[in-house]
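Chain by chain, the residues:
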Amino acid sequence: GAGVSQSPSNKVTEKGKDVELRCDPISGHTALYWYRQSLGQGLEFLIYFQGNSAPDKSGLPSDRFSAERTGGSVSTLTIQRTQQEDSAVYLCASSLTGQGAYEQYFGPGTRLTVT
Amino acid sequence: GDSVTQMEGPVTLSEEAFLTINCTYTATGYPSLFWYVQYPGEGLQLLLKATKADDKGSNKGFEATYRKETTSFHLEKGSVQVSDSAVYFCASSNYGGSQGNLIFGKGTKLSVKP
């Protein structure tokens, strides 16, 4: 079946502009995660959704970052007023539930470059 | 807070050599432990996992045993191949917790030479 998909695959934007990154999880997966992969920080957890709710937003690096999920499916990560330090690969993952033992399936990522 | 520490790379081995990548964790609860692999140009994929102490995860000739007494989950393979060249990430997740986000080590790049 279809895996996790993300769009766009690459995004180049100018500093100060807003960007939206999209994630389509595996059908039937109730849990959805956003991570960021950068050279200096490795893989960082950003936010988790169980259904449409995000019980913990503490991983978001600043208030310029927000995320939503609708219909228990598609999720959008929005970065406002982008900065150069936001340049990274943004990964989305989904799993059957939010319990830790279940495998997370990762999408191919969106490479964001802020110039 | 919870954390994962793995040996820094890069690691370069000849084909058929023995591989060990060390991983240790700190956790307040009872985490599940994972090894993820990222092949060149591809996304992260699960290699193996263990959900409780003394469990052994295995896949594609790789093995790792969940050692609670040493808080470790070292990855091993008896004979590596060129196709094993990739970046390997150790990760933990709070088993039984309601969130289950993964905490990753910084990754170890493995290069296998023919």
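Let me begin by describing the structure that accompanies this report. Remember, it's a predicted structure, so these values are computed and weren't measured experimentally.

### Remarks on the sheet that holds strand S3 (residues 19-21) of chain B
Strand pairing in a sheet is mediated by backbone hydrogen bonds. Such pairs are either parallel or antiparallel.
Residue and element names in this part refer to chain B.
1) Next: Judged by pairing direction, the sheet is antiparallel, and its four strands sit side by side in the order S3-S9-S8-S7 without closing on themselves. Of all the strands in the sheet, the pair left with one neighbour each is S3 and strand S7 (56-59). Averaged over all pairs of adjacent strands, the angle between strand axes in this sheet comes to 15°, irrespective of strand direction.
2) Next: Where S7 and strand S8 (residues 62-65) come together, four bridges link them in antiparallel fashion. If you follow Asn59 over to S8, its bridge partner there is Phe62.

### Here's the deal with the state of the cysteines
Residues and elements named next belong to chain A.
1) Next: Tallied over the entire structure, the rule returns two disulfides over all chains.
2) Next: In this model, Cys23 is linked to Cys92 through a disulfide, with the two sulfur atoms separated by 1.8 Å. Between Cys23 and Cys92, the disulfide has an S-S torsion of -65° and is therefore left-handed. Residue Cys23 is found in strand S3 (residues 19-24), and its partner Cys92 is found in strand S9 (residues 88-95); the two are separated by 69 residues along the sequence.

Definitions and limits used
Residues numbered from 1 in each chain as written. Chains lettered and ligands numbered in written order. Predicted model: local features only at pLDDT ≥ 70, side-chain atom pairs only at ≥ 80, totals over all residues. Heavy atoms only, no water. Pairing = 2+ DSSP bridges. Helix = DSSP H or I, 4+ residues; strand = E, 2+ residues; numbered from the N terminus. Axes fitted to C-alpha atoms, helices over the stretch in contact; angles between N-to-C directions. Disulfide = S-S within 2.5 Å.

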